[in-house]
Amino acid sequence: MVFSSIPFLYVFLPVVLLIYFLCPMSRKNLVLMVSGFLFYAWGEPVYVLLMLFSTLLDYTAGRVMERYRENPKIRKAALLTSVIINLSLLAVFKYSSFLVENINALFGISLFNPDLPLPIGISFYTFQSMSYTIDLYRGDTKMQKSYINYAAYVSMFPQLVAGPIVRYDDVAAELENRTITLDKIGEGAFLFAQGFAKKVLLANNIGILWTNVKEMATAGSVPAVTAWLGILAFTFQIYFDFSGYSDMARGMGRMLGFNFPDNFRYPYMSKSITDFWRRWHMTLGSWFRSYVYIPLGGNRKGTARTIRNLLITWMLTGLWHGASWNFLLWGLYFGVLLIIEKFFLGKYLEKLPGWLQQTYSFLLVVFGWVLFEMETPALIGGFFGSMLGAGGFADKYSVYLLASYGLLMVLCMIASNNWVPRLLKKAGNKFPRVISGCKPVYIALALIFGTAFLVNSTYNPFLYFRF
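Model, not experiment: these values are computed from the prediction.

Some points on the overall build of the chain
When helices and strands are counted, the chain shows 18 helices and zero strands. Relative to the 2.2 N^0.38 estimate, which gives 23 Å for 467 residues, the radius of gyration of the chain is 23 Å and therefore close to what a compact globule would have. Over its C-alpha atoms, taken along the principal directions, the chain stretches across nearly 70 × 65 × 50 Å. Among the 467 residues that make up the chain, the fraction classed as buried is 52%. Sequence-distant contacts in the chain: of pairs separated by 6 or more residues, those separated by 24 or more amount to 77%.

Focus on helix 11 (residues 282–296)
Taking 1.5 Å of rise per residue, 15 residues should cover 21 Å, and helix 11 covers 20 Å from first to last C-alpha, within 8% of that figure. The largest bend in helix 11 comes to about 40°, at Arg289. Structurally, helix 11 contributes buried residues whose contacts are with helix 5 (122–138) and helix 12 (303–321). Backbone geometry just after helix 11 places Gly297 at a positive phi near 125°.

Thoughts on the packing of helix 5 against helix 6 (residues 147–155)
Two numbers describe how helix 5 lies on helix 6: the axes approach to 9 Å, and their chain directions differ by 145°. Where helix 5 approaches helix 6, its residues Tyr125, Gln128, Ser129, Ser131 and Tyr132 are matched on the opposing element by Tyr150, Tyr153 and Val154. Each residue belonging to the contact of helix 5 with helix 6 can be placed in one class, and the counts come to five nonpolar, three polar and no charged.

Remarks on the packing of aromatic side chains
All chains considered together, the criterion is met by 62 aromatic pairs. Between Tyr268 and Phe276, the aromatic rings sit 6.5 Å apart at their centres with planes inclined by 10°, giving stacked as the arrangement. For the pair Tyr268 and Phe276, a shared accessibility class is recorded, and that class is buried. Across the ring face of Trp320, the terminal group of Lys94 is positioned such that the distance to the ring centre comes to 5.4 Å. One cation-aromatic arrangement involves Lys439 over Phe190; the distance from NZ or CZ to the ring centre is 5.1 Å.

Remarks on the environment of Leu447
With respect to the helices and strands, Leu447 occurs in helix 18 (residues 432–456). On a C-alpha basis, the gap between Leu447 and Ala193 in space is 6.7 Å, while along the polypeptide they are 254 residues apart. Dropping the residues within four chain positions of it, Leu447 is found in contact with Tyr10, Phe192 and Phe196.

Quick look at the pattern of salt bridges
Scanning the entire structure with this criterion turns up nine salt bridges. Among the ionic pairs, Arg254 bridges to Glu187, the shortest N-O distance being 3.2 Å. With Arg254 in helix 9 (residues 224–256) and Glu187 in helix 8 (residues 182–219), this residue pair connects regions lying 67 residues apart in the sequence. Judged by relative accessible area, which is 17%, Arg254 ranks as buried. Put simply, Asp241 and Lys199 hold a salt bridge, and the shortest N to O gap is 3.3 Å. Here the residue Asp241 occupies a position in helix 9, and Lys199 occupies one in helix 8, the gap between them amounting to 42 residues. Accessibility classification places Asp241 together with Lys199 in one group, the buried group. Put simply, Lys198, Asp247, Arg250 and Asp262 are held in one network by salt bridges that share partners.

A few points about the environment of Asn263
For Asn263, the position within the fold is in the loop between helix 9 and helix 10 (273–276). You can call Asn263 buried: its relative accessible area is 0%. Separated by 79 residues in sequence, Asn263 and Lys184 place their C-alpha atoms 19 Å apart. Each residue touching Asn263, except ones within four places of it in the same chain, is listed here: Pro164, Phe242, Ser246, Arg279, Trp280, His281, Met282 and Thr283. Here the side chain of Asn263 touches Thr283 through a polar contact of 2.7 Å, side chain to side chain.

Quick word on a nonpolar patch on the surface
A contiguous nonpolar patch, built from Leu407, Val410, Leu411, Ile414, Trp419, Val420 and Leu424 and spanning about 640 Å² of accessible area, is present on the exposed surface. Per-element tally for the nonpolar patch: the top contributor is helix 16 (residues 396–415), with four residues. Relative to the assigned elements, Val410 resides in helix 16.

Comments concerning a positive patch on the surface
A contiguous patch of positive charge, built from Arg300, Lys301, Arg305 and Arg308, is present on the exposed surface. Its location among the elements puts Arg308 in helix 12. Of the residues examined, Arg308 reaches a relative accessible area of 36% and is grouped as partly exposed.

Quick word on unusual backbone geometry
Phi at Tyr266 takes a positive value of approximately 45°, unusual for a residue other than glycine. With respect to the element layout, Tyr266 can be found in the loop between helix 9 and helix 10.

A few points about helix 4 (residues 72–107)
Taking 1.5 Å of rise per residue, 36 residues should cover 52 Å, yet helix 4 covers just 44 Å from first to last C-alpha, more than 12% shy of that figure. Residue Asn71 occupies the N-cap position of helix 4, its side-chain oxygen lying 3.2 Å from the main-chain nitrogen of Lys73. Where helix 4 terminates, the next one or two residues include Gly108, which has phi positive at roughly 65°.

Rules behind the numbers
- Residues numbered from 1 in each chain as written.
- Predicted model: local features only at pLDDT ≥ 70, side-chain atom pairs only at ≥ 80, totals over all residues.
- Heavy atoms only, no water.
- Helix = DSSP H or I, 4+ residues; strand = E, 2+ residues; numbered from the N terminus.
- Rg over C-alpha atoms; globule rule 2.2 N^0.38 Å.
- Buried < 20%, exposed > 50% of the residue type's maximum accessible area, 1.4 Å probe, protein only.
- Contact = heavy atoms within 4.5 Å.
- Expected span 1.5 Å × (residues − 1).
- Bend = angle between axes of the 7 residues up to and from the residue.
- Axes fitted to C-alpha atoms, helices over the stretch in contact; angles between N-to-C directions.
- Nonpolar A, V, L, I, M, F, W, Y, C, P; charged D, E, K, R; others polar.
- Phe/Tyr/Trp six-rings, centres within 6.5 Å; stacked < 30°, edge-to-face > 60°.
- Lys NZ or Arg CZ within 6 Å of the ring centre and 35° of its normal.
- Salt bridge = Lys/Arg side-chain N within 4 Å of Asp/Glu carboxyl O.
- Polar contact = N/O pair within 3.5 Å; in protein donor to acceptor, adjacent residues only side chain to side chain.
- Patch = residues over 30% accessible without salt bridge, like charges linked within 9 Å, V, L, I, M, F, W, Y side chains within 5 Å.
- Areas by Shrake-Rupley, 256 points an atom, 1.4 Å probe, with all protein chains shown as cover.
- Lys, Arg positive; Asp, Glu negative; His and termini not counted.
- Charge placed at Lys NZ, Arg CZ, Asp CG, Glu CD.

What follows is the structure, given as structure tokens:
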């Protein structure tokens, strides 16, 4: 079940919220746990058992670490058991087919390929659950005594299958005691409506352009204008798709009394690749920094070690997104760019005009999305060739696409920047009642127009379900 679907919007969410608000505080976490498992079981009736096992594993590991807190060997054994089993499950379900395929191709053999279906959101909830045992071992958080509370944390449906990746310590206090007010519900509803509009009205519509161009590019070369229109469409689609979903998750969290961390901060306004990764999927970047890069040594042990640590971290970041060579290339691409900026280019970038810095960053990110979305080296090379004019400059279809999607492309450019929010903030300072009164109208219009689109269209993908 996706947030941007009629059953979720008009059946699941209203029913859960009604039950949740009517229940006493002592039962609210139970409602979250049950609704989370039901939400997941809607799309994964078998793999919900996998998530249940993962929560039991990490909850038990936490209890063992707390019980034997004076025995470092048992504590370490409990942590290693949690980490190894979690990563093993992730490896089996997400990477085993990729590994077998490459071994067979490399050695010319025919090992059995299990080709297991990928459990939805396994990368998200595995990392989230593991953060609890790691932080507990480090002494950065306290043990959760209640299994219901812990299971509610892992299975909370707003952020279960697509993030943001919420660390246990981010919500530990709110799991025990939180306040739910009309103001918070209103703020959450506005944030949800904002994300819903991003996902349904922008991402879905601009995504149709990329779907058409990708199909053509996979079959052969396309003109440069068509290729650029296509990859720009994907650039906006993946941003509005994922940031819209994150906004919906944060909005529902706010309505439930939680403050989930922000996941995007206008990344296409970045002035460097380093800046981009401080703004894009921030909870994932923070996770890898805390649990991979810094434990490897970070930048504390000289240039060579820093370069090694960055490459390992970004290789793993790429593979986190999927078991495919293009994701590995994508991760290493950004790792190399970050190394170049850190040790050479950064000091020169800072001297350039702001608009030139943003152009540099945006173009490199767009090239990176080609690596991310085209599955094979041949397709990647072919698409880069099309972007550089190997298929000609333009044709009649290029003109048709430009005429059909030009206005939507401009709207996406405006919506991916902070111009409108800044103007609204200034207006809110001068006319607070007017802006406050417009919010319910915005929520209603977003839901009406978004619902109308869902009813009349069959195109409603969510790109990060595959991760």
